[in-house]
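Geometric and topological summary
Residue-level listing of the chains:
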Amino acid sequence: MQKEIPSVTFQVDHEKMDCGIFLPMTETIGGIPVKTLDIRVAKPYCDPVLTTGEAHTVEHMLATGVRALADDKIKVLYFGPMGCCTGFYLLLAGNFSDLDAIRFLRAGTENALAMTACPAANRRQCGNCLTLLPVEKVRPVLEKIRDLCLACEERKSFDSYTYLE
């Protein structure tokens, strides 16, 4: 029988969670620090969850927006939606501060907000482009991410989880 290793986010009390940008873990893989950012845009059990189209379109736009910024200091390993459809995960590798990670996400979000079309919105580049939405439909989600970043920058820290007791 395989040993169960619980995810950090499964230890969070989602009934007390609000929107925010959280840092559930920093791991070292091959000597390189990897930060996992939890970008929560919908309050669980209170706000409407992201639709498939919203999650998919933001994934294309913001993944493109942050990857355009990647350099020797910060590498993007992954950006994509959560299965619960309340937000996204961003995995970043490199030696940088938490504030650098927040600023990086904000700059990537601003790149996405400047887009006039969704990248790779065609059958050759996407396995299900039929669910992608016009960029105007996801601007509110991107603006929320930008505003969450600005709040974290102002505090100079990520948001904090409430853990299960």
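Let me begin by describing the structure that accompanies this report. (Residues numbered from 1 in each chain as written. Predicted model: local features only at pLDDT ≥ 70, side-chain atom pairs only at ≥ 80, totals over all residues. Heavy atoms only, no water.)

Another point: the overall build of the chain. Helix and strand content of the chain: three helices and four strands. Ordered by position in the sequence, the α and β elements of the chain form the string β-β-α-β-β-α-α. Its C-alpha atoms give the chain a radius of gyration of 16 Å, near enough to 15 Å, the size a compact globule of 165 residues would have. By its C-alpha atoms, the chain is 45 × 45 × 40 Å across when sized along the principal axes. In the chain, which comprises 165 residues, the share counted as buried stands at 43%. By sequence separation, contacts in the chain at least 24 residues apart represent 67% of the contacts at least 6 residues apart. When the accessible surface of the chain is summed, it comes to about 9200 Å², and 52% of that surface belongs to carbon and sulfur atoms. Placing the 18 positive and 21 negative side-chain charges of the chain at their respective mean positions leaves the two points 4 Å apart. (Helix = DSSP H or I, 4+ residues; strand = E, 2+ residues; numbered from the N terminus. Rg over C-alpha atoms; globule rule 2.2 N^0.38 Å. Buried < 20%, exposed > 50% of the residue type's maximum accessible area, 1.4 Å probe, protein only. Contact = heavy atoms within 4.5 Å. Areas by Shrake-Rupley, 256 points an atom, 1.4 Å probe, with all protein chains shown as cover. Lys, Arg positive; Asp, Glu negative; His and termini not counted. Charge placed at Lys NZ, Arg CZ, Asp CG, Glu CD.)

Let us look at the nonpolar core. In this structure, Ile-39 and Ile-145 are the most contacted members of the largest nonpolar core, which totals 39 residues. With eight residues, the top contributor of residues to this core is helix α3 (residues 135-155). Apart from residues lying up to four places away in sequence, Ile-145 is in contact with Ile-21, Ile-39, Val-41, Val-58, Leu-62, Phe-88, Leu-105 and Thr-109. (Core = buried A, V, L, I, M, F, W, Y, C linked by side-chain atoms within 4.5 Å.)

Moving on to the sheet that holds strand β4 (residues 87-93). The antiparallel open sheet is built from four strands, whose spatial order is β1-β2-β4-β3. Both edges of this open sheet fall to β1 (20-29) and β3 (75-81), since each of them pairs with a single strand only. Each adjacent strand pair in this sheet contributes to an overall mean axis angle of 15 degrees, direction not counted. As judged from the six bridges shared by β3 and β4, these two strands associate in the antiparallel manner. Bridging across to β4, Pro-81 finds its partner in Phe-88. Across the face of the sheet, helix α2 (residues 98-113) comes into contact with β1, β2 (32-40), β3 and β4 while running at roughly 55 degrees to β2. The strands touched by α3 within the sheet are β1, β2 and β4, with β1 carrying the most contacts at an inclination of about 75 degrees. (Pairing = 2+ DSSP bridges. Axes fitted to C-alpha atoms, helices over the stretch in contact; angles between N-to-C directions.)

Packing of helix α1 (residues 52-67) against α3 brings their axes to within 9 Å, and their N-to-C directions diverge by 70 degrees. Taken together, α1 and α3 sit at an angle that is classed as roughly perpendicular. Every residue of α3 that contacts α1 at Glu-54, Thr-57, Val-58, Met-61 and Leu-62 is listed here: Val-135, Val-138, Val-141, Leu-142 and Ile-145. Here the contact of α1 with α3 is built from residues that sort into eight nonpolar, one polar and one charged. (Parallel < 35°, antiparallel > 145°, perpendicular 65-115°, else oblique. Nonpolar A, V, L, I, M, F, W, Y, C, P; charged D, E, K, R; others polar.)

In this section: the side chain of Asp-38. For Asp-38, the location among the structural elements is in strand β2. Classification of Asp-38 by relative accessible area gives buried; the value is 0%. Side chain to side chain, Asp-38 and Arg-40 meet in a polar contact 2.8 Å long. Apart from residues lying up to four places away in sequence, Asp-38 is in contact with Thr-9, Met-17, Gly-20, Ile-21, Phe-22, Pro-24, Met-82, Phe-88, Tyr-89 and Tyr-161. (Polar contact = N/O pair within 3.5 Å; in protein donor to acceptor, adjacent residues only side chain to side chain.)

Now for the pattern of salt bridges. Applying the stated criterion across every chain yields a total of 10 salt bridges. For Asp-98, the salt bridge goes to Lys-35, with nearest N and O atoms at 2.7 Å. Here Lys-35 lies in strand β2 and Asp-98 lies in helix α2, a separation of 63 residues in the sequence. A salt bridge links Asp-72 to Lys-75; its shortest N-O distance comes to 3.8 Å. (Salt bridge = Lys/Arg side-chain N within 4 Å of Asp/Glu carboxyl O.)

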